[in-house]
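The primary structure of each chain is shown beneath.
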Amino acid sequence: LQKKVTLLKHFRNYLVEQQKKADDVKVDHQISDASSLTYLKKWVRTKHAILFRLSNHTVQIVFYDQTEVLLTQDERYITYVDKKRQRLTYHLNDELVGSNSEMAKRLKYAKEILHQLLAGQQRR
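Counting from 1, residues in each chain are numbered in the order their sequence is written. Only residues with pLDDT of at least 70 are given local features in this predicted model, and only at 80 or more are side-chain atom pairs given and counted; all residues enter the totals for whole chains, interfaces and linings. Only hydrogens and water are set aside when side-chain values are computed; all heavy atoms of the structure are taken into account.

Asks: Explain the overall build of the chain to me, please; I cannot follow it from the model alone.
Replies: Scanning the chain from terminus to terminus reveals three helices and six strands. Along its sequence from the N terminus, the chain presents helices and strands in the succession α-β-β-β-β-β-β-α-α. The buried label applies to any residue whose accessible area, calculated with a 1.4 Å probe on protein chains only, is under 20% of its type's maximum; exposed applies above 50%, and partly exposed to all values in between. The burial tally for the chain puts 23% of its 124 residues in the buried class. Pairs at least 24 apart in sequence give 16% of the contacts found in the chain among residues at least 6 apart. When the accessible surface of the chain is summed, it comes to about 10000 Å², and 55% of that surface belongs to carbon and sulfur atoms. Secondary structure counts use DSSP, requiring at least four H or I residues in a row for a helix and at least two E residues in a row for a strand, with both numbered from the N terminus. The contact criterion used throughout is that any non-hydrogen atoms of two residues lie within 4.5 Å. The protein chains shown are the only cover counted for residues, whose accessible areas, like all others here, come from Shrake-Rupley with a 1.4 Å probe.

Written out as structure tokens, the structure is:
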């Protein structure tokens, strides 16, 4: 019985050491990934939506009717989430962008809010 207890203690110590090594590796890995994480830089609440500006320069506008508009940092792509929660991505020059009246209305509102924010920053 004593041999079995000793063997179990050694095995437990081995497992504890392996867990510590794994935790050290995870911490190093998490720290290196933290620099590439996208985070919230600024947010603004308006009458019709909440606007989020992310660290990767993506702008997300979440409207109170559950629709969303995402503008990519390179300003070439628009992602629109409609009331049915369908996510569609368009190239900015795509003719379908203007043909969807709901999306066009939200894009116009987003443009107005962004212009107001930029004008406010320039006055400071």
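Asks: Explain the pattern of salt bridges here, please?
Replies: Salt bridges are counted wherever a side-chain nitrogen of Lys or Arg sits within 4 Å of a carboxyl oxygen of Asp or Glu. Tallying each qualifying case throughout the model produces five salt bridges. Note that K83 and D65 form a salt bridge whose closest N and O atoms lie 3.9 Å from each other. Of the two residues, K83 sits in the loop between β5 (77-81) and β6 (87-91) while D65 sits in the loop between β3 (59-63) and β4 (68-71), which places them 18 residues apart along the sequence. Residue D65 is classed as partly exposed on the basis of its relative accessible area, which comes to 29%. Measuring nitrogen to oxygen at the nearest pair gives 3.2 Å for the salt bridge that ties R85 to E68. Taken together, the positions of R85 in the loop between β5 and β6 and E68 in strand β4 put the pair 17 residues apart, joining distant regions of the chain. Among the charged side chains, a network of salt bridges with common partners joins D65, K83, E102, K105 and R106.

Asks: Even after reading the chapter, I still don't get the pairing of β6, so can you show me in this structure?
Replies: It is a general feature of regular strands that their side chains alternate between the two faces of the sheet. Should DSSP find at least two bridges between two strands, the strands are regarded as paired. Bridging between β5 and β6 involves five bridges; their strand directions are antiparallel. Paired with T79 across the strands is T89, a residue of β6.

Asks: Explanation requested: the packing of aromatic side chains in the structure shown.
Replies: To describe a pair of aromatic rings, one takes the distance between the centres and the angle between the planes. The rule is short: rings of Phe, Tyr and Trp, with Trp giving its six-membered ring, pair when the centres are within 6.5 Å, and they are stacked under 30 degrees, edge-to-face over 60, tilted in between. One pass over the full model with this rule turns up one aromatic pair. When the ring of F63 is compared with that of Y109, the centres are 5.9 Å apart and the planes differ by 55 degrees; the resulting orientation is tilted. With a gap of 46 residues between them, F63 in strand β3 and Y109 in helix α3 (residues 101-123) connect regions that are remote in the sequence. Each member of the pair, F63 as well as Y109, carries the same accessibility label: buried. In this structure, R106 packs its charged tip against the face of F63, placed 5.6 Å from the ring centre. Charge-over-ring placement is defined geometrically: NZ (Lys) or CZ (Arg) within 6 Å of the ring centre, and within 35 degrees of the ring normal.

Interpretation note: all reported values are geometric properties and have no functional meaning in isolation.
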